[in-house]
Structure formats: C-alpha cells, structure tokens
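# Reading the structure
Spelled out, the chains give:
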Amino acid sequence: MADVTITVDGKKITAPAGTLLIEVCKGAGIEIPAFCYYPGLSLQAACRMCVVRQEKVPKLQTACTTQVAEGQVFFTDTPEVIQSRKAMLQMILANHPLDCPVCDAGGECELQDMSFKYGVADSFFAEPKNHREEQKWSPVVYFDRPRCILCYRCVRVCGEGMDDFALGVQNRNSSSIIAPNVPAHLSGVVENGVELAQLDCEQCGMCIDVCPVGALTSGTYRYKTRPWEMNHVATICTHCGDGCKTTLGVRSTSDGSEIVRGDNRDKSGINGDFLCNKGRYAFDFANSTERITQPLVRQANGEMKAVSWEEALSYVGKKLAQLRDSRGGKSIGVIGGNRLTNEEAYLLQKFARSVLQTNNIDHHRTADYVAFAQALAGTTDRTASLRDTLTAKAVLMVGGDPTNQNPATAWNLRTAVRLNGAKLYIANTAEIKLRRQAKAFLHVSEFGYGALVAYLTGDDSSASSAVADVNALSSFRDAIKAEENPLILIGSELRGAELKHLIDFGLAIPGAKFALLGDYANSRGAADMGLLPDMLPGYSRIGPIETQPFDSKTAMEFAAPTEQGLDMLEIFDAAAAGDLSALYVVGSNPIARYGVDPASLRNTFVVVQEMFLTETAALADVILPAANLYEKSGSVTNSYGDLQQVKKAADRAGVRTDFEMIVRIADKMGADVRKLVPFGTGVRADMGQTRGAQSGEADRHAVWLTANNLEPRLSPFDPYAILDEIQRLVPGYGLMRLQLLSGNDQHLSPSATAVTDNNGLCQISNRRDLILPSNDTLFTSGTLGRYSAMLSDLRQNEALRRLPQTDQTAAD
Amino acid sequence: MSTITNTIFSPELAERFDKLVTIYPVRRSALIPMLLYAQDEVGYVSEAVIQEIAKRLDLFDLEVRSVLSYYSMLRTKPAGKYNIQVCTNISCMLRGGYEILDHCKSKLGIGHKQTTADGQFSLEEVECIGACCWAPAMQVNYDFHEDLTPAKVDEILAGYSDGKGAK
C-alpha cells in the first residue's frame, strides 16, 4: 500500500495506508494502551482503552481499529482522552478484586500498570463486589472469574491461533463470562458437590499467556512465587524438534535452583508468541525427587552403591581403558542422546573415535537427517528455517503431524494461512488436524508415501497404490508444481530413498525449500555432529583418508578408525553375540526405545549418564547423574537447522553436565585432554617432526582462533572450546558468534558430500527400524516425559476427553 | 452440508432446517432462527438440540451455547405448557405492568422464570414486546393479550386452564 502521512500529537508520521493506528503509533514511540488488542488476532475493540481524538470526527475513535489514511490528525493524550480511559478503568475495576498482593499477575499485570498510570485510586462505583470462586478447568488452566476484564484475547487466541475453539463468551452484560467448552452439567467432574466446567483442548496455555490480568492462571505456577522473586533465563525448550525459546523463572533452593515457571515472556525467540504445553509446563522433570544425584556403581553382589565422583570416574576410566586395550575399540559401543547440546554430541563422538578408538557410535534417530543432508548436497539456500513456515506463500507437507509433534510449526502454518493467505497442501496417511487449514488434502493410503513420491516424480503407474482417490492426485501434483518458492515439510515417516526422491522432486521446483521434522531438542544436532557410525561431523563419510573429498577438514584432523562402525541395532546384535565389551550411553534409553533384550547386555560393561533410573540405567554397572538441558550451556540445532543458544537456568546439587563427565572420563583413561578439548595455549606446534597431513604445520586451532579474533579458552569444561572446533571443522557450521550469544537464532544448512553411489542410503533400506520416529504426542516426550508430573496429569486428563476431537470435525 | 441421520426433529422441521442453511450467505447465520424453531418444537433448547444444530451448521457446541446464553428468550429448561411473558418496560410499567406481573405471581404461585407444579404455566418478566399502544400487555406463547387488568388476566388464565385459550 502507498505510504500516507498522518499527524499524531503534532508529530508527522508516515506509514502504509490502511495500517492500524495503534501499530503506527507503537512504531513511532507513542504508547496507546489496550487490553483487547493483540497483534495477529482479529480485532475486537472491546476494552475502549485505546480511544483517541480524531480531528473532524464527532466521537472518540478506537486506535486498534482505525486504519490510517492521508492527512488524518489524531490526539492521543488530551485531557478528554485521558478522562475517557480513566472512566473505562473505573468500569473495569468496578468488579475487579483488589487482590493484587496475592494475584499471580501482580507485578506483570497490564491492568495494574494502567491503574498506576492513570491513577484511578477512587471509583464512583460503591456496589459490593460480586465474588465467585475460582474454577479449575484442567490440570493446567485455572479461571478466576472476578478478575476477568472480558478482553476476549483468550477466546481469539484459542480459536484463531490454536484452532481449538475451546473458549467462548456466555451470557450477557454484567454477567458475561468466559466459558470453557465442556459445561458443568456435562463434565462429570464434581468437587464438594458442585459440578465443574472443564476445558477440553490441547492445553497449550496460550490463553494464560495472553491474559492481560490474572484471570487465567497456570496450574504449575499459581500462588508459588512473585515475578520479581525469580531469575528469568531465556533458553531452548528440551522437548520437541522445533526448538522454541522459553523463559524459565528460577528460584534458589537448598540444593541448587528450581524452575518454577516456563513461559513465553521473551517473545524475541524463533517461536514468536507461541509456546506449547510442554514448553510451558513440562520442565518439572528437572525438579523431580526421583532424580539420581550420586554416582552409583554396581557391586559384586549386584547392588548399586553410591560412591564419590572420584571413585566412579576412576573406575569407569580404568575399566574402559582396559577393555579397549584388551579387546579393542571395536568391541565398545557408544550411544548418544537427542537432548545433548551440539558441543556434547561433538565431544562424545570425538571421544569415541579418538579415545575409545571406535566408530560404533549412534543415537536414537528420530528422522533420517543423513539422507536429507545427502539429498541436498551441493545445493545452496534449499533448507528452510522455522521462520519460513510463517512467511511461505505455499507449503507442501508430506507426512508428519505438527499439531501433535511440532506444535510451533503448526502454529506458524495456521498463522501463515490466516494472515498471509498461504496455501497449504497436505498429503498424509492420517486425517491430521492441520488439514482444516489446507487448500488441498490428499489422504494417502497406508504405507503409500513411497508410491506417492514415485507418482510425484512422474511414475503415473503408482497412483493407485498411493491414494484411494486417484482423481485428486494429478491436480494435487499440478498445483504444487505450479507454485513458486514452496516450502516442503517432510515428516519423519519418510526415510532413505523415499525421502531422497521427494527432495529430488522438490528441487525441480524453483526456489523450493525443505525441512525434515524430527523430534527432541537436538536430534538434528546429534546427526549434524556425527553421532553416527558411518559419518563424521558434517556428514562426511568415514573411510580411508584418500577416499575423502579434498576439503574434508574433519577427516583430515580426526584420527578416527577408517572403518565404519556398528549402528544402534548392530551394537545390540553384537552384545547379544557376546562381542560387545563395553557400552557407554549418554542421555539415551535404547533398551526401552528399541526393545532390546536386557539379557543381551549381561556380559557388557555398561556406563550410563542419566537423570533417572530408566530401563537402560537399570542395567548399568555405573550410573553417573547427569544434568539436563535446562542445567547446562551450549547450543542446539532444531529440526530446521536453526542454531540457538542454551543457557544454564536451573541447578541441582550432585549432578554434572555430560560435557564435564566425558572430559573427566577421558582424563581418567589417560587421554590427552588438550587434544580432546582445545583449551589453553594451543594443542601442539608440529615443526616437522612427524609425518602425515599436518607435518610442519603450526597448531591449526590456534591459528584459526587468531584469525577469527577469538581468545583461547581457559578450561577444558568450557563448551565454547568445542564450539570453536565445531565452527572450524564442521561443514555448514560457519556460525555467527554475536548472533548466537545475543540469544538469536541463525539458520545453518547441512553440508554433506554428495553421494554418487547408493551405499549411503543402503543402510536405511536394509534396516528401516534404525530410523525410529518418536511418535510423541502433545503430552508425551520420550523417556523424559514420563518423569514430568504435569505431563502425566495431562495424559490422564486427555484420556477423559469429553468432546469429539477437533481433528475429526470438518472445517467451516 | 452435514447430512443428519437420526434427527431429533420432526420430518417437517428437519426439512425446514435443511432449506434454512442454504438461504444465508454464511451457514451459521441460520443459528438463531434454528434455535427458536427448535425451541418451539421441543419446548426448550436441550443438549440434543444444541448438538444437532451445531452439527447442521458445522459449529462447535460451545459456539451454539455462547449464542444461546445471550438471548433471554431461549431457554435450556422446559417451560410450562403456557409460557406467560409479562412486559414491564416503560409503557407497560406506566400503565400497571408490575401490577399485572404481581397478580400473575400470586395467582400462579410462581416467580420469574418459574413453572407451576402441574407444568401448565410458567412466568417470565420480559422487556418490550412491541405492544406499547395497548399497554399493559403480555404474551402467552405466541398469543398477545392487551389492555390488561387483573380481572382480565384471571379470565385469560382460566381460559388456558380450561384448554380454551390454546390456538
């Protein structure tokens, strides 16, 4: 739209015609108060706080609905306007309780701020307040009726934003209330003889987030503390692959510091306004009393005994060194986790390859990132950021169920459809809820993705095995091919060759960008960092040095065995055959995940770094109590390849980070820690005494640090020492430090070497179960989710769902 | 359009609803007329009515409930066979509307929004029913009774009791 110039309080402002006055003023630094206005949601004009005087218009106008046009003149702070706002506040406060000293929102309340600003200490209203008891709508959402100021933000965010429509406004006039979707007489929930209304929804808590007052409060946080008594640390949520930024409110306790609240106070993150139930409530595993806080070593009689760190680490170091030397590195297996930081994942594989001398390293692969990276090898600007899901004009989604598995992606897609008119094409074997926003939905037959991909790439004969309704297929394909710059989102069901062919199809469309949706905070990072038996960090294939591409810096520097190792399944096959001398598991639960027979590990020395006594930890000879993602620093990479900083928020006495434990075990094994973690003044300066690739060179790391204006790190426990090495060696991780340290996200593309033969994919086609989509729902989060009390409450609540699910109803 | 099998309405009303949803630019616009017609047939807006109407209009039950709770002429509990609505707005009030209302209350022994034990009568105090020229007025189901006096009210109520007043 053309720019127009308006005058606000005598100040000339230029803005595109049709922009809302409230937004124009915000941009120009003129504050207009509003309760009901919320950017991105439909306009309500209910609160009348944003009234302004417009020249030549008889009545005061609401700035939240006024679109600017050439030559308009507004006044926002005349006595008339202020008097009007004051009167509105008096109306709102007529029945608003003055319980700020105990209200959760006290200190963060928009009504409190406005009352303070406009000074409505006294009121014309002398009527007694109409008090109602607070209501528990679900384990996480509580409603305090008298505090509600009827701004309708919650109603709109639930309907428009979440597509849940679980909140409505009922009754009329002064008895209007916000009502949840299960009325009291149908809920079947009776407390003290009173039937209670219930909320049957996705429990995201967005309504609590947008509530300008304390009417909607969170089950985890209410009446626990005051906002100013917490430290607020913005870090990355550990749960799904979207990697939302969440602000954790933490408070000191006698044994560390506990997380009291997770919310979306910091809206600067990649997730914008959004946070789902897991980010908001499922941090409580960190405070669980079931956590292991002392190293445990199995005794001769089979019992676990708590020992000192020194004793446990010495024992592990001695035993691993002994098994490596007696039975060879090939007899040792290493399994990493999906919630480790990039630095830990990188360090773990470096430790495995250089200290344990094995390539038998893997992790629970929730999606086939290896095939994804290889299929995109040699391309640039073809991978999408999570931010692209908000701005893309056209999106093709094959497989996946973002509503349940990647809620921020789903939120962004809904927003893109609603606000930008994005066209969403969905092909899925299930009738996923997002199809309500789709322009076209293709119901794929069971196991039909392969046939669908074949059809898309031009094999018309596979149409009938892809979908039941063949007629819809050709128009679906034509519609996608006609799109420019589409975003292609791929669910974790697609692996190996199918995935590669789908990407090949998309690469033919100009400007198409791709993303593969995995689960857990750092599944993508684990693959990028080379927790793989056949790939070094950055997806460069392990093999003899002469087979490596010329510029593969990782291969050049890594003194890794040149033979590919055993993958996750082969490691356990080896254990069953008695060939596995030791297994080192860092933050993973393969025994439960892959259904491994516990008996197969009876002759294996098992070391597990874990927070809880999981099925895997229960078999361990040594359990080392680990910190979780909320208790450490570093970086993680989400499903899309967006790198973000993780900041230490909470703390628990007795646990250590996985990073520290790996370094200490390496030290106890007699390894040179300086070679593992480059710290201090350089690793080595080779003046030609040795032969090989690095003969005659100065310490490359030190040279690189100097060239990049970075200081040497002072501690072997500093994750940034490893981040330096990642940045130096891992293709695709040429990150911007300032961006990372400012808490911003940055998009990285994986940079795999192209696969000319089919060997890279064959492993997957042989063992499809190697890639094991997590299939988490809104209320589960792998093994970790079992230890969140709030998630288990929500699962129970979910089992009682009373209404037909939204995803089974047709869209309007 | 949702096809409704096992409708709870009479075939005539179901047919009427099938047509009703097609004549508005937006389907949900048919909500209020549908609620009124359904109430006339069923006697009140029951859970089953809410659910079927929501289904017919592709709305959530909650949206139907939100609209339903706004309008005082829609009720979620059965009324008496004869629902007496006495106007007490300005014209009726000036001409003795409250007297009529009080008379009804004492005569029937029930209050506002209550129903007699035998289920014959229910009473409501309502806002303007558009009969100001003949105030005070009351409406029994869809019949208007004007220029009321307590004596006239007795006569009308007796008529309904005898089954004569019902059209």
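What you are looking at is a predicted structure, and each value in this text was computed from that prediction instead of being measured.

Reading guide: rules and limits
Residues numbered from 1 in each chain as written. Chains lettered and ligands numbered in written order. Predicted model: local features only at pLDDT ≥ 70, side-chain atom pairs only at ≥ 80, totals over all residues. Helix = DSSP H or I, 4+ residues; strand = E, 2+ residues; numbered from the N terminus. Rg over C-alpha atoms; globule rule 2.2 N^0.38 Å. Buried ≥ 20, exposed ≤ 12 C-beta atoms within 10 Å, placed from the backbone. Contact = placed C-beta atoms within 7 Å. Nonpolar A, V, L, I, M, F, W, Y, C, P; charged D, E, K, R; others polar. Pairing = 2+ DSSP bridges. Domains from an automatic or database assignment. Axes fitted to C-alpha atoms, helices over the stretch in contact; angles between N-to-C directions. Parallel < 35°, antiparallel > 145°, perpendicular 65-115°, else oblique. Left-handed = near helix turned anticlockwise from the far one by under 90°. Core = buried A, V, L, I, M, F, W, Y, C linked by C-beta atoms within 7 Å. pLDDT = per-residue confidence, 0-100.

Further remarks concern the overall build of chain A. Per the secondary structure count, chain A includes 29 helices and 33 strands. The C-alpha radius of gyration computed for chain A amounts to 29 Å, which stays within 12% of the reference 28 Å derived for 812 residues, consistent with globular compactness. Along the longest, intermediate and shortest principal axes, the C-alpha atoms of chain A span 90 × 65 × 55 Å. The burial tally for chain A puts 54% of its 812 residues in the buried class. Looking at chain A alone, contacts between residues at least 24 apart form 68% of all its contacts between residues at least 6 apart.

On to the interface of chain B and chain A. Contacts between the two partners involve 9 residues from chain B, matched on the other side by 10 residues from chain A. Its residues placed into classes, the side of chain B that touches chain A shows 3 nonpolar, 2 polar and 4 charged.

With that settled, consider the pairing of strand E15 (residues 256-263) of chain A. Residue and element names in this part refer to chain A. Taking burial as the measure, the 8 residues of E15 include 7 buried ones, the bulk of the element. Where strand E14 (residues 245-253) hands over to E15, the hairpin turn is made up of 2 residues, counted between the paired strands. Across 2 bridges, the pairing between E15 and strand E32 (residues 651-652) is antiparallel. Each residue of the ladder has a partner; that of Gly-256, found in E32, is Arg-652.

Glancing now at the domain arrangement of chain A. Taken domain by domain, chain A consists of domain 1 (3-93), domain 2 (110-287) and domain 3 (370-517). Once you take the C-alpha centre of each, domain 1 of chain A and domain 3 of chain A turn out to be 42 Å apart.

Residue and element names in this part refer to chain B. With their axes 10 Å apart at the nearest point, helix H6 (residues 97-108) and helix H7 (residues 150-161) run at an angle of 45° to one another. When the axes of H6 and H7 are compared, the pair comes out oblique. Both H6 and H7 take part in a crossing whose hand is right-handed. In this structure, H6 contributes Glu-99, Ile-100, His-103, Cys-104 and Lys-107 to the contact, and H7 contributes Pro-150, Val-153, Asp-154 and Leu-157. Residues belonging to the contact of H6 with H7 are distributed by class as follows: 5 nonpolar, 1 polar and 3 charged.

All names here are of chain A. In this structure, Leu-347 sits in helix H9 (residues 342-355). Considering only alpha carbons, one finds Leu-347 and Leu-723, 376 residues apart in sequence, at a separation of 9.7 Å. Excluding residues that lie within four positions of it along the chain, Leu-347 makes contacts with Phe-659, Ile-662, Val-677 and Ile-722.

Right, let's get into the nonpolar core. Of all hydrophobic cores here, the largest spans 239 residues; its most connected members are A:Cys207, A:Val395 and A:Ile490. In this structure, A:Val395 is in contact with A:Leu413, A:Ala422, A:Leu424, A:Tyr425, A:Pro486, A:Leu487 and A:Leu489, ignoring residues within four places of it in sequence. Listed in part, the 18 residues of the second largest apolar core include B:Leu35, B:Val45, B:Ile50 and B:Ala54.

All names here are of chain A. Look at H9 against helix H22 (residues 658-668): their axes get within 9 Å of each other, and the N-to-C directions meet at 15°. Comparing their axes, H22 and H9 come out roughly parallel. The two elements H9 and H22 meet at a crossing, and its hand is left-handed. On H22, the residues that touch Glu-343, Glu-344, Leu-347, Leu-348, Phe-351 and Val-355 of H9 are Asp-658, Phe-659, Ile-662 and Ala-666. Classifying every residue of the contact of H9 with H22 by side-chain character gives 7 nonpolar, no polar and 3 charged.

With that out of the way, let us pick up the sheet that holds strand E12 (residues 216-218) of chain A. All names here are of chain A. Strand order in the open sheet formed by 3 strands is E6-E7-E12, and the pairing between neighbours is antiparallel. The strands lining the two open edges of the sheet, one partner per strand, are strand E6 (135-136) and E12. Bridge count for E6 against strand E7 (residues 141-143) is 2 bridges, and the pairing is antiparallel. The partner of Gln-135 across the bridge, within E7, is Phe-143.

We now examine the environment of A:Leu723. Residue and element names in this part refer to chain A. Residue position: Leu-723 is located in helix H25 (residues 719-729). Linking Leu-723 and Pro-183, residues 540 residues apart in sequence, is a C-alpha distance of 54 Å. In this view, Leu-723 contacts Glu-343 and Ser-635; residues no more than four positions away in its chain are not counted.

With that settled, consider the confidence of the model for chain A. When pLDDT is averaged across chain A, the result is 91; 93% of the residues are at 70 or more. Counted against residues more than four places away or in other chains, residues 806-812 of chain A, with its pLDDT under 50, gives 10 contacts.

Now for the sheet that holds strand E29 (residues 622-625) of chain A. Whether parallel or antiparallel, the strands of a sheet pair through hydrogen bonds between backbone atoms. Residues and elements named next belong to chain A. The 7 strands lie next to each other as E17-E16-E29-E28-E27-E18-E19, forming an open sheet whose pairing is mixed. The sheet is open, and its two edges are formed by strand E17 (304-306) and strand E19 (361-363), each paired on a single side. Within this sheet the neighbouring strands show an average axis-to-axis angle of 15°, counted without direction. In this sheet, strand E27 (residues 582-586) lies alongside strand E18 (residues 332-336) in parallel orientation, the contact comprising 4 bridges. What sits directly across from Ile-335, in E27, is Val-585. Against the sheet, helix H8 (residues 309-327) touches strand E16 (296-298), E18, E27, strand E28 (605-610) and E29, its axis set at about 130° to E29.

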